[in-house]
Amino acid sequence: MNFTLDHVVIGVRDLEAATDHYAALFGRTPSWRGEHPTYGTRNTLFRIENTYVELLSMAKDAKSSQVAGELPRFLERGEGVYALALGSADIAADVRELRNRGIPAQQPVEGHGIDQISGARRDWKNAMVPVKSTNGARIFFIEHVSPPDALPEAAVAVTGQTYVRRMDHAVVLSPDMESAKRLWSGVLDARLALDRTFPERNTRILFFRLGDITIEMSGGATQTEEGLGKPDRLWGLAWGVGSVEETVLRLRAQGIDVSDPRRGIKPGTKVATVKGVHTHGVATLLIEHTEESFQPASRRPQGAAFDNDPGRRAFALKALDHVSLAVDDGEAAARTWRDTLGLSESEAFQTTGAHMRLSKIPAGNAFMELVQPLKSEGRVATHIASRGPGMFGVALEVDDVDRAVADLRAKGVTVSDSEYGAWPGTRTARIDPSSANGVNVVLVQRLPEIL
Amino acid sequence: MIQKVHHVGVVVRDMDQAMRFWRDTLGLPVHKLETIEEQGVKAALLTVGDSEIELLEPVVEGTGVARYLESRGEGLHHVCFQSDDVDADLQALKDRQVELIDQQTRTGLAGRICFLHPRAMHGALVELCQPIEEPHAAGAAAVQP
């Protein structure tokens with residue numbers, strides 16, 4: 001299955017006020033003003049570059065009992081993100097597959113909407129699923145029958161880089177992160193792009209990609225007992241703008257409560273938070289990407305470089321194996337280390353061909369390697385000639401050096417072929433310092449001992 | 001007494017760019033990222049086994065790290081050993097008249113720290129540290145609407 005984020009539904013009590021507020025926030029005029037006589041609801045739609053936003057309210061004077069679905073009960077509790085609509089190219093097939101995977105999706109039903117202004121009609125098929133089967137976050141599936149241009153992009157009504165161009169991400173709060181992972185990655189086939197824990201903020205974040213939009217799942221750094229099985233909550237939306245600073249000025253001039261611009265957590269982003277009545281219960285962030293940030297366009301050439309989920313990494317970095325020091329007199333340096341820091345050389349030898357004297361000074365979890373070049377050519381001799389003796393490089397232990405080499409090359413890193421290392425029982429590969437901030441990094445795989 | 005290699009320090013020109021390699025390409029988890037105003041550096045600590053890689057980007061001119069970057073470019077900067085008593089170790093170094101950068105221990109990212117002069121160690125810059133125990137944060141979820 002290959003879903004897109006077709007649109008996002010925001011449940012609002014007063015559609016006229018919400019339409020004005022979101023038109024001001026987006027800097028756009030609505031694409032569509034519609035009614036659903038059969039559902040007892042009304043809506044306003046804004047199509048932006050990569051999705052559309054539906055403000056949904058009950059029809060005027062409609063009684064709760066006349067409105068389909070759970071909207072009345074939702075609005076009793078408040079406004080906010082009501083549902084995520086996942087776009088399907090073949091909804092009948094996807095419903096079958098969802099059922100195979102344990103999601104009791106209903107049979108697709110046809111629906112249509114009429115634009116009050118133009119009289120245009122749009123047709124679609126959608127399939128609902130019980131909210132319990134999607135961890136409490138309301139999700140449904142939609143296949144559009146009308147062509148995409150039946151819903152035109154919302155006209156930009158402001159000048160400069162101050163309008164909302166696209167949706168960047170949707171934030172879901174999840175008290176049960178593993179369950180969220182199973183649903184989005186295991187069942188809905190959204191690509192897990194990141195799984196990162198920030199201990200100092202007690203936060204764990206999962207990124208799932210639907211096209212170029214991220215579903216950001218946010219929970220505690222460690223899973224609490226009481227969180228297990230608790231429902232997820234659709235919480236916030238982040239809108240991409242051309243310039244956060246200009247947009248903040250424009251919004252303030254229109255009386256919208258917005259924070260000062262600040263640096264985002266993602267490197268290279270600027271963000272600002274919109275507060276107050278204009279958000280209608282949606283935690284709202286404006287985000288600007290610069291060249292260095294994780295824009296879809298700049299992410300693509302990096303391949304899977306941003307995939308930090310351990311389960312999806314090609315290799316594991318296990319430990320700091322050793323730190324290499326370039327020395328011009330290995331024996332003298334070893335005496336200094338012993339006399340100054342109480343760390344003693346445990347072994348020393350000359351490499352094949354007498355290119356180097358290598359020695360090992362164990363230091364608990366790792367060892368210091370003293371490298372004395374015995375010939376005038378070679379990396380270490382060159383290093384000493386240009387920079388003097390001292391810090392040379394680090395060796396990191398990996399579980400599989402050949403997989404690491406292949407993976408790093410795929411990500412554009414210059415790395416040597418693997419070879420038997422100077423220390424017995426190792427295979428090693430060198431990462432070029434130009435790829436590693438000037439550091440000589442050696443990857444070491446410790447081979448099983450041969451009996 | 002020295003217990004283990006606490007971290008190795010790498011001086012970088014641009015933290016965001018460096019993170020793309022050490023964090024994103026190698027996959028090392030970041031457990032601390034902060035700007036230390038009094039030292040004029042932005043620092044990131046990445047976990048590798050039971051040791052760490054410390055990335056340092058100078059944000060103020062004239063600091064040791066800034067001068068290093070200017071004169072030598074990016075690269076491996078120092079190695080830090082964890083000690084069970086850094087003040088006692090520093091006193092022992094003074095008694096042996098080892099050339100030092102810090103005559104007193106001070107508070108750094110890794111706890112109580114001091115640096116030996118690279119001339120004392122055949123050009124290698126060595127730091128000693130004694131981590132300061134921190135109480136665990138309360139278990140409550142930090143993410144609140």
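Everything numeric here is computed off the predicted structure, so don't read it as measured data.

**Topic: the overall build of chain B**
Reasoning step 1: Secondary structure summary: chain B contains three helices and eight strands in total.
Reasoning step 2: What you see in chain B, going N to C, is helices and strands ordered as β-α-β-β-β-α-β-α-β-β-β.
Reasoning step 3: For chain B, with 145 residues in total, the buried portion stands at 54%.
Reasoning step 4: For chain B, the proportion of contacts with a sequence separation of at least 24, taken over those separated by at least 6, is 52%.
Reasoning step 5: Of the roughly 6,600 Å² that chain B leaves accessible, carbon and sulfur atoms contribute 48%.

**Quick look at the overall build of chain A**
Reasoning step 1: Assigned secondary structure in chain A consists of nine helices and 24 strands.
Reasoning step 2: Sequence separation of 24 or more characterises 60% of the internal contacts of chain A that already satisfy a separation of 6 or more.
Reasoning step 3: Only carbon and sulfur atoms are counted for the fraction: they give 51% of the accessible area of chain A, which is about 19,800 Å².

**Things to note about the environment of Phe81(B)**
Reasoning step 1: Relative to the assigned elements, Phe81(B) resides in strand β5 (residues 75–83).
Reasoning step 2: With 32 residues separating them along the chain, Phe81(B) and Ile113(B) place their C-alpha atoms 9.7 Å apart.

**A look at the interface of chain B and chain A**
By a widespread convention, an interface's size corresponds to the accessible area lost as its parts come together.
Reasoning step 1: The partner chain A presents 62 residues to the 58 residues of chain B that form the contact.
Reasoning step 2: In total, about 4,700 Å² of surface goes out of reach between chain B and chain A, with carbon and sulfur atoms giving 61% of it.
Reasoning step 3: On the chain B side of the contact with chain A, Arg20(B), Leu76(B) and His122(B) bury the most area, a combined 15% of that side's loss.
Reasoning step 4: Here Asp16(B) and Arg263(A) are joined by a salt bridge, their closest N and O atoms 3.5 Å apart.

**As for the sheet that holds strand β22 (residues 419–420) of chain A**
Residue and element names in this part refer to chain A.
Reasoning step 1: If you walk across this open sheet you meet the eight strands as β18-β19-β20-β17-β21-β24-β23-β22, and the pairing is mixed. Each having just a single partner strand, β18 (347–350) and β22 make up the two edges of the open sheet.
Reasoning step 2: For β22 and strand β23 (residues 426–431), the ladder comprises two bridges, and the chain directions are antiparallel. Residue pairing for β23: Glu-419 is matched across the bridge by Thr-428.

**Thoughts on the nonpolar core**
Reasoning step 1: Ranked by internal contacts, the top residues of the largest apolar core, which has 65 residues, are Trp337(A), Trp22(B), Leu55(B) and Phe81(B).
Reasoning step 2: Counting residues per element, this core draws most heavily on helix α1 (residues 15–25) of chain B, which supplies five residues.
Reasoning step 3: Those residues in contact with Leu55(B) that sit more than four places away from it in its chain are Val10(B), Val12(B), Met15(B), Ala18(B), Met19(B), Trp22(B), Lys42(B), Ala43(B), Ala44(B) and Leu46(B).

**A word on helix α8 (residues 379–387) of chain A**
For the α-helix, the turn length of 3.6 residues means that residues three or four positions removed from each other point alike.
Residue and element names in this part refer to chain A.
Reasoning step 1: Along α8, the residues that are buried comprise Val-380, Ala-381, His-383 and Ile-384. The buried residues of α8 occupy one face: seen down the axis, they fall within an arc of 160 degrees. Facing away from the buried side of α8 by over 90 degrees, the exposed positions are Ala-385 and Ser-386.
Reasoning step 2: On its buried side, α8 packs onto β17 (317–326), β19 (356–363), β20 (366–373) and β21 (390–398).
Reasoning step 3: Phi turns positive one or two residues past the end of α8, at Gly-388, with a value near 85 degrees.

**Looking at the sheet that holds strand β6 (residues 106–108) of chain B**
Residue and element names in this part refer to chain B.
Reasoning step 1: Strand order in the open sheet made by the eight strands is β2-β3-β4-β1-β5-β8-β7-β6, with mixed pairing throughout. The strands lining the two open edges of the sheet, one partner per strand, are β2 (30–36) and β6. Across this sheet, the average inter-strand angle for adjacent strands is 30 degrees, counted without regard to direction.
Reasoning step 2: In terms of strand pairing, strand β3 (residues 41–48) meets strand β4 (residues 51–58) through eight bridges, oriented antiparallel. When the sheet's bridge partners are listed, Val-48 is paired in β4 with Ser-51.

**Here we look at the pairing of strand β6 (residues 109–115) of chain A**
Residues and elements named next belong to chain A.
Reasoning step 1: Pairing of strand β2 (residues 32–36) with β6 involves two bridges; the strand directions are antiparallel. Looking across to β6, one finds that Glu-35 is bridged to Ile-114.
Reasoning step 2: Here β6 folds back onto strand β7 (residues 121–128) in antiparallel fashion, the turn holding five residues, of which Gly-119 has a positive phi close to 80 degrees.

**Some details on the pattern of salt bridges**
Residues and elements named next belong to chain A.
Reasoning step 1: Following the criterion strictly, the structure yields 29 salt bridges over all chains and no others.
Reasoning step 2: Here Glu-153 and Arg-28 are joined by a salt bridge, their closest N and O atoms 3.0 Å apart. Of the two residues, Glu-153 is situated in the loop between β8 (139–144) and β9 (164–173) and Arg-28 in the loop between α1 (15–26) and β2; the sequence distance between them amounts to 125 residues.
Reasoning step 3: When its relative accessible area of 1% is taken as the criterion, Arg-28 is described as buried.
Reasoning step 4: For Asp-195, the salt bridge goes to Lys-181, with nearest N and O atoms at 2.9 Å. Of this pair, Asp-195 sits in strand β10 (residues 191–198) while Lys-181 sits in helix α4 (residues 177–187), and the two are 14 residues apart along the sequence.
Reasoning step 5: Members of the salt-bridge network, linked through shared partners, are Glu-178, Lys-181, Asp-195 and Arg-204.

**Thoughts on helix α5 (residues 244–253) of chain A**
Residues and elements named next belong to chain A.
Reasoning step 1: Of the positions making up α5, those classed as buried are Val-244, Thr-247, Val-248, Arg-250 and Leu-251. An end-on view of α5 places all buried positions within 165 degrees of arc, on one side of the element. Facing away from the buried side of α5 by more than 90 degrees, the exposed set consists of Leu-249 and Ala-253.
Reasoning step 2: Tucked inside the fold, the buried residues of α5 contact α1, β13 (233–241), β15 (269–274) and β16 (283–289).

**Observations concerning unusual backbone geometry**
Reasoning step 1: Even without glycine at this site, Ala354(A) takes up a positive phi of about 55 degrees.
Reasoning step 2: The residue Ala354(A) is located in the loop between β18 and β19 in this model.
Reasoning step 3: A positive phi angle, near 55 degrees, is found at His122(B), a position not held by glycine.
Reasoning step 4: Summarising the element assignment, His122(B) is placed in the loop between β7 (111–115) and β8 (126–130).

**Comments concerning the confidence of the model for chain A**
Reasoning step 1: Chain-level pLDDT for chain A is 89 on average; 94% of the residues reach the 70-or-more range.
Reasoning step 2: Low confidence marks residues 292–308 of chain A, where pLDDT is under 50. Its contacts with residues over four positions away, or in another chain, come to 43 contacts.

**Re the side chain of Thr63(B)**
Reasoning step 1: By the secondary structure assignment, Thr63(B) is in the loop between β4 and α2 (64–72).
Reasoning step 2: Residues contacting Thr63(B), with those up to four places away along its chain left out, are Gln39(B), Gly40(B) and Pro58(B).

Calculation criteria
Residues numbered from 1 in each chain as written. Chains lettered and ligands numbered in written order. Predicted model: local features only at pLDDT ≥ 70, side-chain atom pairs only at ≥ 80, totals over all residues. Heavy atoms only, no water. Helix = DSSP H or I, 4+ residues; strand = E, 2+ residues; numbered from the N terminus. Buried < 20%, exposed > 50% of the residue type's maximum accessible area, 1.4 Å probe, protein only. Contact = heavy atoms within 4.5 Å. Areas by Shrake-Rupley, 256 points an atom, 1.4 Å probe, with all protein chains shown as cover. Buried area = accessible area lost by both parts, 1.4 Å probe. Salt bridge = Lys/Arg side-chain N within 4 Å of Asp/Glu carboxyl O. Pairing = 2+ DSSP bridges. Core = buried A, V, L, I, M, F, W, Y, C linked by side-chain atoms within 4.5 Å. Arc of directions from axis to C-beta. Axes fitted to C-alpha atoms, helices over the stretch in contact; angles between N-to-C directions. pLDDT = per-residue confidence, 0-100.

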